[in-house]
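# Close look at the chain arrangement
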Amino acid sequence: MGTPDRQQRLAALRDAIADIERKPALAEARPLLQADGAGFPLPAGGLLQEVFTDERRHAGAALGFALGQARSLLTPSRPAVIYLQLAHEAQEMGLPYGPGLLSFGFDPAALVLVRVANMTELLWAAEEAIACRAVAAVVADIAGQHKLLDFTASRRLGLRSASAGASMLLLRYGTGREASAAHLRWRITPALSATRRFDALAPGAPRWQAQLEKGILDNQQTHWLLGWTHHGFIIRDAANRALFPAADAALSGPVPAPLAHRRPATA
Amino acid sequence: MLYERIKGGLRLAAMNPQAAQAGLRLGQNLADARAMLPEMTAREIDRPLLTAAFADFADWHSNASPLVAVLGDVSAFGDLVLDITGVAHLFGGEHAMLRTLLARLRALGYSVAGAIAPTIGAAWAVSHFARSQVVADTDLAQVLDALPVGALRLTPEQIAGLTQMGLTTLAPLRPRERKPLQARFGLSLLTRLDQAYGMLEERLTPRLPLAERYAERRFPDPIGLLDDVLMTTRDLAIQLGLRLEAEGLGAQAFHLFLYRVDHKVMTLSVNSARPSRDPDHIAKLFSHRAERLAGEYDAGFGIDMIRLAVSSVDKLDGTQLGAFATPDGTDDLAQLQDRMSSRLGAMAVLRTQFVATHIPERAARLVPAMVHAAGPKTEPGPDRVRPLRLLPVPEPIAINAEVPDGLPASMIWRRISYRITRASGPERLGAEWWRSGQRLQLVPPEPPRPAKPGETPRPPPHVPRLERFNPSAVTRDYYIAEDAMGRRFWIFREGLYHPDASPVWYLHGLFA
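Residues numbered from 1 in each chain as written. Chains lettered and ligands numbered in written order. Predicted model: local features only at pLDDT ≥ 70, side-chain atom pairs only at ≥ 80, totals over all residues. Heavy atoms only, no water.

Before going further, it helps to examine helix α5 (residues 120–129) of chain B. Residues separated by three or four positions in an α-helix point in the same direction, a consequence of the helix having 3.6 residues per turn. All names here are of chain B. Of all 10 residues in α5, 8 are buried, a share of seventy percent or more. Along α5, the positions that sit buried rather than exposed are I120, G121, A122, A123, W124, A125, V126 and S127. Against β4 (67–71), β5 (79–83), β6 (115–116), β7 (133–134), α6 (140–145) and α10 (187–197) lie the buried residues of α5. (Buried < 20%, exposed > 50% of the residue type's maximum accessible area, 1.4 Å probe, protein only. Helix = DSSP H or I, 4+ residues; strand = E, 2+ residues; numbered from the N terminus. Contact = heavy atoms within 4.5 Å.)

Take the sheet that holds strand β12 (residues 349–354) of chain B next. The strand order across the open sheet formed by 11 strands is β12(A)-β11(A)-β10(A)-β7(A)-β1(A)-β6(A)-β5(A)-β2(A)-β4(A)-β12(B)-β13(B), and the pairing between neighbours is mixed. Both edges of this open sheet fall to β12 (232–235) of chain A together with β13 (364–368) of chain B, since each of them pairs with a single strand only. Sheet twist, expressed as the average angle between the axes of neighbouring strands with direction ignored, equals 30°. Sheet topology places strand β11 (residues 223–229) of chain A next to β12(A); 4 bridges connect them, and they run antiparallel. Across the sheet, residue W228(A) finds its bridge partner in β12(A), namely F233(A). The strands that helix α5 (residues 119–131) of chain A touches are β2 (80–86), β4 (111–116), β5 (135–141) and β6 (167–173) of chain A; relative to β2(A), the one it contacts most, it runs at about 175°. Against the sheet, helix α6 (residues 151–164) of chain A makes contact with β1 (48–53) and β6 of chain A, and its axis sits at roughly 130° relative to β1(A), the strand it touches most. (Pairing = 2+ DSSP bridges. Axes fitted to C-alpha atoms, helices over the stretch in contact; angles between N-to-C directions.)

With that settled, consider the sheet that holds strand β10 (residues 265–276) of chain B. Residue and element names in this part refer to chain B. Taken together, the 4 strands give an open sheet; going across it, the order is β8-β11-β9-β10, and neighbouring strands pair in antiparallel fashion. The sheet is open, and its two borders are formed by β8 (213–223) and β10, each paired with just one other strand. When the angles between neighbouring strand axes are averaged without regard to direction, this sheet yields 15°. The strands touched by helix α12 (residues 279–292) within the sheet are β9 (249–260), β10 and β11 (303–315), with β10 carrying the most contacts at an inclination of about 130°.

So, on to the pattern of salt bridges. All names here are of chain A. Tallied over the entire structure, the rule returns 26 salt bridges over all chains. With its nearest N and O atoms 2.8 Å apart, the salt bridge here joins E213 to R177. Of this pair, E213 sits in strand β10 (residues 207–214) while R177 sits in the loop between β6 and β7 (184–191), and the two are 36 residues apart along the sequence. According to the relative accessible area criterion, R177 is partly exposed, its value standing at 27%. In the salt-bridge network here, residues are joined through shared partners; they are E127, R156 and R160. (Salt bridge = Lys/Arg side-chain N within 4 Å of Asp/Glu carboxyl O.)

Time to look at the confidence of the model for chain B. One rule of thumb: low pLDDT means the predicted coordinates there are not for detailed reading. Residue and element names in this part refer to chain B. Here chain B averages 79 in pLDDT, while 85% of its residues score no lower than 70. Here strand β1 (residues 2–6) stands out as the element of chain B with the lowest mean pLDDT, 71, in contrast to strand β17 (residues 476–483), whose mean of 91 is the highest. Confidence drops under pLDDT 50 across residues 466–472; counting only partners more than four residues distant or on other chains, this segment forms 14 contacts. (pLDDT = per-residue confidence, 0-100.)

A few words on the interface of chain B and chain A. Listed as interface residues are 59 residues of chain B and, on the opposing side, 72 residues of chain A. With both chains or domains summed, chain B and chain A bury close to 5,300 Å², and 59% of this area falls on carbon and sulfur atoms. Considering only the side of chain B, the residues that lose the most area to chain A are L388(B), R389(B) and R422(B), jointly responsible for 15% of the buried surface there. Summed over the shared surface of chain B and chain A, the number is 3 salt bridges. A salt bridge links D332(B) to R133(A); the shortest N-O distance between them is 3.2 Å. One can count 24 residue pairs in polar contact (both at pLDDT 80 or more) joining chain B with chain A. For the side of chain B that touches chain A, the secondary-structure elements that each account for two or more residues are α13 (330–344), β12, α14 (360–363), β13, β14 (389–401), β16 (416–429) and β17 of chain B. Grouping the constituent residues of the side of chain B that touches chain A by class yields 33 nonpolar, 7 polar and 19 charged. Pairing geometry for β4(A) and β12(B), over 2 bridges, is antiparallel. Looking across to β12(B), one finds that V114(A) is bridged to V349(B). (Buried area = accessible area lost by both parts, 1.4 Å probe. Polar contact = N/O pair within 3.5 Å; in protein donor to acceptor, adjacent residues only side chain to side chain. Nonpolar A, V, L, I, M, F, W, Y, C, P; charged D, E, K, R; others polar.)

Moving on to the nonpolar core. Formed by 62 residues in total, the largest nonpolar core has its most connected members in W186(A), W208(A), M411(B) and I491(B). Per-element accounting of this core gives the leading share, 9 residues, to helix α2 (residues 59–73) of chain A. V112(A), M119(A), I142(A) and M340(B) belong to the second largest nonpolar core, which has 36 residues in total. (Core = buried A, V, L, I, M, F, W, Y, C linked by side-chain atoms within 4.5 Å.)

A word on the confidence of the model for chain A. Residue-level pLDDT values for chain A average 81, and 79% of them are 70 or greater. Note that pLDDT drops below 50 for residues 239–262 of chain A; the model gives that stretch 23 contacts with residues more than four away or on any other chain.

Between its terminal C-alpha atoms α2(A) stretches 21 Å, which fits the 21 Å expected from 15 residues at 1.5 Å a residue. Counting buried residues along α2(A), 14 of its 15 residues qualify, which places the element largely inside the surrounding structure. (Expected span 1.5 Å × (residues − 1).)

Residues and elements named next belong to chain A. Where β7 and β10 come together, 7 bridges link them in antiparallel fashion. Note on β10: the bridge partner recorded for T189 is Q209. For β10 and β11, the ladder comprises 5 bridges, and the chain directions are antiparallel. Residue pairing across strands places Q211 opposite H223, the latter belonging to β11.

This is the structure we're talking about:
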């Protein structure tokens, strides 16, 4: 068959291939930004991520998840996040709203909105923005299905973001999945929000069900129930709940005051 | 032969020399002219076309002198005026310049008359009423004196009046008493007279903004390819950048003028968010801008001159690269915004600006990133819960509430019904009465007293009819509603509950 030396080399190569096939996403990616065991493992910059939600009415949740990730990538030398949207989808999907960003905890001054006329311009703007050294992340909000956004386009975006170090987050809608070169693919579903202190009837801080459909993060976990605080994501998984007893608001609290005498408080 | 409709009649507006020899004159009735010269061809004059043609001509002539204007008020079609101060030597003197300019227009088949004179009025007079020539400062009065009074850019009535007085040339007009002339013909006669003789300054309003700093390149053979144009632009940007650097300046607006051989000028302008003189950046902006107009670019028969001019010049000191400086990326970001603005349009690249108001859609304004200035912080307090996405136009929804003024129980939005499990609100936002077109009437007028017997009833005081402002009509109550799946919406009710009418509900935003 061959010399033992040859067989050894073949085996080593097979191992390498298997390794790459097992986690193709991280073959060219960097380590995690935050993997201290307690928090949600946030991917580092330089990754092409697809954030899928099943329906367009979940656009708020998807944007929240993407901006939550983008916020952790902001540094003094990378002070900007670029948001791309097709101009004709603004009414259906809504535009990022400054005061809303503030109350979410994202600095509106860091967000540059770019409204493009068609998919060609969107891809051009995305590539330009990724290549810029001052951009931490590019969030592209694409409601429809587009022929131009194929494997080649995603491969280009992926390579560019890997080489430039800025993350690219593609917000996609629907249940269909096409071949893409994204390093990570998320499926985001809004979850029932956290309870607000002193008011069991009111919606509280946002929560997401995040499912990692493609790619591997550090501990091979693929499902999370995520909560949101002003410090970032926290895991609200049933298994991990014991780790964060203090973060949950007390439920057996006082009786809610009449609605008219209440002003909305920060979640 | 061209005619025009004036006061209901068809009158001659322009003619060729043959017609003039046959005895026709301008302003003549078209029917009379036809009778005198049956074989002539007459067409109606197309004023907008002529105006556009003259504008093109004027732009194109800015390759001879940067200050070009069209005088449209006196002559039938307009006259081209060039300020050639400090330009003539480029053509080898004034005589040569006049010859060159006239010859290149005649070569195109136009009949042209031109003159170079110390004043605009004199140049007009000489070009219209004498042969084409250069009038020097010293013999200005002598040349003008021999010309008829019509050479002063006067109205037909003024010319007729002067002719009646026996004043046919300018020579006897000049020494006459000015007061009676003004009384009879108005101030404009004296103004025109003084302007022609140089007693009164006349300014021309140039068609193109005057650019003090520009670089240009002429081509012996016309070029056509867009790539060549862009490469030349880069070269010009390098030239211009060196000059700006020597002066310690940078510019925010860059204009590229492409002079086509067929007398058209194409203009491309790009802007930069902060003053710049970086040739690479400028060239990139133009190439992005050019990509956007790929279909409209038409070099015609070629381009024989390119000029790159800058405006909005501002001080820009040289930057020093520090050994310990940390790059903060603002320059990169500004350049990225410039590139995107030049390709996608300035209104496509936006930033949020806060406005001190509590009306949600007005509280945040999207302004072009290029003009965005970090003004005073008018950010709303973070204690207000606002949605992450706001719909530009609120969408009407159908709401069921258990009790009026209670929390909504279910809603129908985009033909899908949602069961609302948790909600908070209302957050009541009143209308901004001070912005309303209606005035708030604070004090109702006194009712007129009944007249006492023996006293004439006084008329009631005049009260302007003002609609009473109705604050409840536009008050909104905002609710945060969450459905059973965890979707969170920002909905509001416009108006208050009223026995007669039910208020309308809208969905305004989506929460994370």
